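# Overview (structure and organization)
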There are 2 protein chains.
Amino acid sequence: MIARGTFGIVDAAIAERIAAIAGADNCSRARAERELHSVDQSMHPPSLPDIVVWARSAAQVSEIMRLANANRIPVTAWGVGTSIEGNPIPLHGGILLSFERMNEIVAIHDEDFQVTVQPGIGYKDLNETLARYGLFFPPDPGANATIGGMIANNAAGIRTVKYGATRDNVLALQIVLADGRIIRTGSRSVKQSSGYDLAHLITGSEGTLALVTEATLKLAPITQHNIAVQAVFDQVADAVDAVVAVRGSGLDPVALEFIDSHMAAMMNSSPNVSLAESPQLFMEFHAAHAETLERTMAFIREICQDLGATQVLATADNKERLALWYARHHVFESFQRLHPGQRAYLNDVAVPISAYPDLIACIDELRIESGLPAYLLGHAGDGNIHIIFPFDDEAEYRIVDAMNARVVEKAIELGGTATGEHGVGMGKVDFMAAEHGEALELMRQIKDVFDPRGILNPGKIFGA
Amino acid sequence: MIARGTFGIVDAAIAERIAAIAGADNCSRARAERELHSVDQSMHPPSLPDIVVWARSAAQVSEIMRLANANRIPVTAWGVGTSIEGNPIPLHGGILLSFERMNEIVAIHDEDFQVTVQPGIGYKDLNETLARYGLFFPPDPGANATIGGMIANNAAGIRTVKYGATRDNVLALQIVLADGRIIRTGSRSVKQSSGYDLAHLITGSEGTLALVTEATLKLAPITQHNIAVQAVFDQVADAVDAVVAVRGSGLDPVALEFIDSHMAAMMNSSPNVSLAESPQLFMEFHAAHAETLERTMAFIREICQDLGATQVLATADNKERLALWYARHHVFESFQRLHPGQRAYLNDVAVPISAYPDLIACIDELRIESGLPAYLLGHAGDGNIHIIFPFDDEAEYRIVDAMNARVVEKAIELGGTATGEHGVGMGKVDFMAAEHGEALELMRQIKDVFDPRGILNPGKIFGA
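Residues numbered from 1 in each chain as written. Chains lettered and ligands numbered in written order. Predicted model: local features only at pLDDT ≥ 70, side-chain atom pairs only at ≥ 80, totals over all residues. Heavy atoms only, no water.

Moving on, we come to the domain arrangement of chain A. A common way to report how large an interface is uses the accessible area buried once the components associate. All names here are of chain A. Assigned domains within chain A: domain 1 (4-100 + 445-450), domain 2 (105-221), domain 3 (225-329) and domain 4 (339-423). A C-alpha centroid distance of 29 Å is found between domain 2 and domain 4. The interface of domain 2 with domain 4 comprises 9 residues on the first partner and 6 residues on the second. Summing the contributions of domain 2 and of domain 4, the shared interface buries around 510 Å²; its carbon and sulfur component is 49%. For the side of domain 2 that touches domain 4, the per-class residue count stands at 4 nonpolar, 4 polar and 1 charged. (Domains from an automatic or database assignment. Contact = heavy atoms within 4.5 Å. Buried area = accessible area lost by both parts, 1.4 Å probe. Nonpolar A, V, L, I, M, F, W, Y, C, P; charged D, E, K, R; others polar.)

Taken together, the contact between chain B and chain A spans 83 residues of the former and 83 residues of the latter. With both chains or domains summed, chain B and chain A bury close to 6,800 Å², and 59% of this area falls on carbon and sulfur atoms. Summed over the shared surface of chain B and chain A, the result is 10 salt bridges. Where chain B meets chain A, there are 36 residue pairs in polar contact (both at pLDDT 80 or more). Listed by contribution, the elements that provide at least two residues to the side of chain B that touches chain A are helix 6 (160-163), strand 9 (182-186), helix 7 (198-202), helix 8 (236-248), helix 10 (293-306), helix 15 (432-436) and helix 16 (439-450) of chain B. Take the side of chain B that touches chain A: its biggest share by element is 8 residues, from helix 16 of chain B. Looking at the side of chain B that touches chain A, its residues break down into 29 nonpolar, 33 polar and 21 charged. (Salt bridge = Lys/Arg side-chain N within 4 Å of Asp/Glu carboxyl O. Polar contact = N/O pair within 3.5 Å; in protein donor to acceptor, adjacent residues only side chain to side chain. Helix = DSSP H or I, 4+ residues; strand = E, 2+ residues; numbered from the N terminus.)

Here we come to the pattern of salt bridges. Throughout the structure, instances matching the rule amount to 44 salt bridges over all chains. For R167 of chain A, the salt bridge goes to D197 of chain B, with nearest N and O atoms at 3.1 Å. With R167 of chain A in the loop between helix 6 (160-163) and strand 8 (170-176) and D197 of chain B in the loop between strand 9 and helix 7, the pair connects residues from two separate chains. Both residues of the pair, R167 of chain A and D197 of chain B, belong to the buried class. Across the pair K410 of chain A and E413 of chain A runs a salt bridge whose closest N-O atoms are separated by 3.6 Å. One end of the pair is K410 of chain A and the other is E413 of chain A, both in helix 14 (residues 394-413) and 3 residues apart, which spans about a single turn. Owing to a relative accessible area of 23%, K410 of chain A belongs among the partly exposed residues under this scheme. (Buried < 20%, exposed > 50% of the residue type's maximum accessible area, 1.4 Å probe, protein only.)

Set out below in structure tokens:
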């Protein structure tokens, strides 16, 4: 890859040309705006863009890309900055292209369970509108991430075990290439075997291949009858057995979350939360009709008790259900309560579920070795794990960064991946060679096809 | 693309080198073998390979590719020849590389709901073994297609509405590139946001990007309590409304098939089949436990009757369920009974479900215009439609080929795709520009990255 020095910069003349394309109201070189767009929600260091531009249309994006490409100016796409691996930090300066003002719903195809949107819409805002149609877009990374950002990172979340990640819910994209060409990929058919699957190649490419200017997404019907379950176990291995049994039961969980004893203890710092401080599962299920709720709950209870659950709480009452999830949804508040003033280093790896006990044993070892706390929660239904490492200063950062590396290497060794849902961004660059081997070279060559001058989000995925 | 004349051929010297790699017992230049591997189950004309080679290992495939690449000899992968769009026909001769003898199960990861296999295993054979673990690989294209062929075509089938197509069930691949490099892509984690999604780019690329020598697949638990439903309607539009309502009900159908009145009439030629000759749906649902079967059936009946079904048959009895599906599974036998000596031209398109009535109206018009029969069945749950056009001779072939083209163009116009599950092969090449526009050029450039000399299944997807 080419070093920073060889990129063009946005000088006054280029800034004027950008303003002519996007309108003066949609550009800012003010330091405050540049700072706001220099960092995401991670612990990665900030990097200032030369200019922040709010695109209004695909045509504008196309013109800006032509200009940037001709002058080899880096372009980094921005949704709302909720990434946690440094994904949208403009490492090499240049143009920070925000999609915040391209946030319209283009069309709702309710009969087809589909919606077409601009990339800047927040998924929570989208789901608020879709609720009127009894539909929702299932991936739920938290915060109010934009659809564009979710597509860039292949974001996932709690409901992925049933509904898949963002990639599984993308049907078609309009994209702008580095040279300004506007292209459509995919179709409104949910089944596609027509040539190479470009739409899903773009999904998860973190803005390094193309910019998404419109997306057609799959939707799911909102379910009416939901069951929440908490099951507590003595041993991690028992909890994992229950995960396997639940997945094998045909009950098709909507959520299947693991928390370790340390995390349970941390959650107990929240008001009105008192969890057993043992490994446990939080689950959610859907029943198609009210009449079968009781039978379904009994069935889930049976499965968990058979596998050694020491405590099972199952409820179909909506208030009780939300209360059960309250602690899970307020992890960061309880972190701040327990570790005031400290920062959180957030790890994201994923492994086959059978490797969960080995991975967790590795984390236990690291806790003992370092004497530092580590809190663990995971989307167990799909083998994803997050560890929260509190840290105070640069010295502790270096320790937890090394602990993170050990966990990532272990996950790869166990047949898993360096990142289940946060993407590579800046934080996982160093693990790509170990995870992908020679396939990384193919990825680089594909990058060259889409972006031969290397201006799209440079420094991400491949580093440098 | 480069014309046929510029490819190398397998002469005696090359054949000897291939035999040295694969073993003499695993190669044949006999006309009978070459003829057996010159055509799939479609109406596309045969084309003879120079040699048939049965690979035994990825290492052999690698050596053969190095030899082929150096001499620019075409290599076309072969599973068992059940494709229906000419996908594995060796259009430019060269090496027909059969994976029939690489048909082992490498590892069963039952706790992870995963299996690793060689590409030559038939999915029905695989599922027979997996049944012992209570698991199965859900995509079901019919015949006993090999996993390698299913990956190549992104094959799907009746259960796709619930479980997805092959692409949705591929986790990791070992592939051999045109230059002989052996590469791994993807991982055993079901959640992956780590770099570009090469495994799913390879899936559906019809052997034009790389050869799959090993695949790790997602499995699903076998369900014990199944419900079959047949619902008859007066109008296509009512049946489509029922498809939308069923998908919106949260009942998560395992199968959701449409057949038109003409197809119902054809099916009635089967012994013991007497269907109403009206538009109708065949469905299958899963109930997680026996106690809720009755209530679930009543719920489905309600939905269909509310939407104007004139007849609803629902059963949880296994014998009755299989009897209901009998007609659907024996379409080709009833075709042969009704059209003895005629051949079948099989169409495959997919659209958003809301466009079903428009697409079907187009087919009705074509029937009237041509005076020829056309039978329609569709995986309505995912908007896929197949039309069977009987034809007798070259003159009729030209007519039905033109009818097929009209249907494909209509599907694309309606926001759909030229192929939902059969792939592009030879038959859909001419529609790629209309469907993909400028994206086709990107696909070509990706092809050049993987296969710069154009030796992998030449003539497919891009033509020439």
